[in-house]
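A closer look at the structure
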Amino acid sequence: MVLAARRARVKNRSYAPWLTGLLAIMLVLAALASYGLERSGIPPRRLAPYLEQRADGHNPLIVGMGRAMAATLHALDRGEAPLPGALRLRIGAQVEEAHSAGTSPAPADAAHGAPAPSPAAGAASANGAPPAATAGTVAAGGRDVTVASADALRAAIAQALPGDRINVLPGRYRFLAGAYIAVNRPGTRAQPIVLRAARAGSVVLELALAEGFLVSAPWWTFENLQLRGICPQQDNCEHAFHITGAAEHFTARNNTILDFNSHIKINGQHGVQPDHGLLEHNTLSNTAVRQTGAPVTPIDLVAASHWTIRANLISDFIKGGGDQTSYGGFAKGAGSGNVFERNVVICEQRLRGQPGQRVGLSLGGGGTAAPYCRDRRCITEQDGGVLQANLIASCSDEGIYLNRAATSQLRHNTLLDTAGIALRFPETSADLEGNLVDGRIAVRGGALLRAQDNLDSGVTRLYLGSHPLRALFQAPLEFDLRWRGTAPRREAVPTDARTGPLAELCGAPRPAQPAYGAFEDFAACLRP
């Protein structure tokens, strides 16, 4: 027996070097695999559709394996989240309930932003709609003009003078197939022209037009309106607003815009660009997948410069046709100085499980043909763009994509359930700081990244189904973004000379040691 025990120990000792060597080889292979994954920058959600596409058209076994692998990768990266309830956010259009007029406004449902019809909806006035606009007393700085029919609204716009305040009475106004609504009468800096509803949510404009408002004159403001595309064919409802040419200093504030391909389109005309615009506190969404091969991008900005896109809620922009690639918003076409800040972008909120690629926000988009570029060349797609304090979630592709975007700044954005941030091509350069990225930060094609103090998951963890940054929140995939414990904080951050004080999603002041990402306390973004 003693002899047998000795033989067993000798035998075990003889296996020990082999086991040690095998373990070392496995560790080396794991390290090489991790290195390869990090170098590739390809997250599971981007690999999954590629594998499925490559398997299609082969024998059923290969097709089945491809689909099974894609489903596994999708589950590891994205998980299965229940549909969140209505999000009562302070971001996006703040729609007043009928009983609260004159008090603080109540928010739109984040999925659709549509209030219940006003008691006055469908009835422009007690004795029917007047045929033309009615001008009130001429006040200092312009006229008060009240409209109560679709024809009267067209007439008020066609006859507008600097300083006019065009007030649309509560009701539902339908514009059927025909010409766009031409907005070509200029306001001035001292006397802008304002078209508005007195109470947000009380006026619904139903548009069966390829383009709703074609704005080609400066200093116009549209606010408190609801615009809905009602085209039988989705290809035919392209834009609610098309801002072009000389339409500088355009403002859209507190509007709800539903069911268009590219809700707000901005581009130049004959070498003139509509610069210095403001899109603020609007809700842009779709109630169904857009069955079109046309671009699907709620904010589609080409060649214009110095726009501020702030505190908008953008969701459910699914492109069902063509290349099935869509963006929540982009600025491209050789413009400069465009800013996306304090926006909430939810690529897939109510519309889930659709094929295709959804990108949150982009400087550069998918590129621009030279004739449409500001410089007719697009040496860069964007210069000096800023993305800060945005919350971007539930995207099948990148949360932020920079394509030939020079001297960009990405500061304190929060990305959840997206591929992460991608920089591409030698023309792209960017400073990244304070971002919280549930995903990876990838640099491709010679782009230049200057990263300082960001939190990201990397790639390897995603293939293991590990999401440590999601664990910072109570239930991130259900949009419960309360901190699970203490918020992760940076060291003291000096004010940036270019972008000013550090922005915060909910508008709260930032402390000297700010939290990573877009917000300090997400509860401040919610309405009661």
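Since the model is a prediction, treat every value here as computed from it, not as a measurement. (Residues numbered from 1 in each chain as written. Predicted model: local features only at pLDDT ≥ 70, side-chain atom pairs only at ≥ 80, totals over all residues. Heavy atoms only, no water.)

You can see Asp275 is positioned in the loop between β14 (264-267) and β15 (278-280). Here Asp275 falls in the buried class, since its relative accessible area comes to 8%. At a separation of 2.8 Å, a polar atom in the side chain of Asp275 contacts the main-chain amide nitrogen of Ser305. Apart from residues no more than four positions distant in its own chain, Asp275 is found in contact with Glu248, His249, Ala304, Ser305, Trp307 and Arg374. (Helix = DSSP H or I, 4+ residues; strand = E, 2+ residues; numbered from the N terminus. Buried < 20%, exposed > 50% of the residue type's maximum accessible area, 1.4 Å probe, protein only. Polar contact = N/O pair within 3.5 Å; in protein donor to acceptor, adjacent residues only side chain to side chain. Contact = heavy atoms within 4.5 Å.)

The next subject is the nonpolar core. One finds Ile166, Phe213, Trp220, Phe222 and Phe241 to be the most contacted residues of the largest nonpolar core, which totals 71 residues. With five residues, helix α4 (residues 150-158) is the largest single contributor of residues to this core. (Core = buried A, V, L, I, M, F, W, Y, C linked by side-chain atoms within 4.5 Å.)

Here we come to the sheet that holds strand β21 (residues 335-336). On the basis of which strands lie adjacent, the open sheet formed by three strands has the order β21-β25-β29 and parallel pairing. What marks the edges here is a single partner per strand, and that holds for β21 and β29 (405-406). (Pairing = 2+ DSSP bridges.)

Moving on, we get to the pairing of β14. Within a regular strand, the side chains alternate between the two sheet faces. Alternating positions in β14 separate into two faces, Ile264 and Ile266 on one and Lys265 and Asn267 on the other, with burial throughout. Relative to strand β17 (residues 299-302), β14 runs parallel, the two being bridged by three bridges. Counted as the bridge partner of Lys265 is Asp300 from β17.

Following the criterion strictly, the structure yields four disulfides and no others. Disulfide partner of Cys347: Cys395, at an S-S distance of 2.0 Å. Taking the torsion about the S-S bond as the criterion, the Cys347 to Cys395 disulfide, at about 70°, is right-handed. Note that Cys347 is positioned in the loop between β23 (344-346) and β24 (357-363) and Cys395 in the loop between β27 (391-393) and β28 (400-403), a separation of 48 residues in sequence. Cys347 gets classed as buried once you look at its relative accessible area, which sits at 0%. Taking relative accessible area as the criterion, Cys395 reaches 0% and is therefore assigned buried. With its disulfide-bonded cysteines labelled consecutively along the sequence, the protein chain is connected as 1-2, 3-6, 4-5, 7-8. (Disulfide = S-S within 2.5 Å.)

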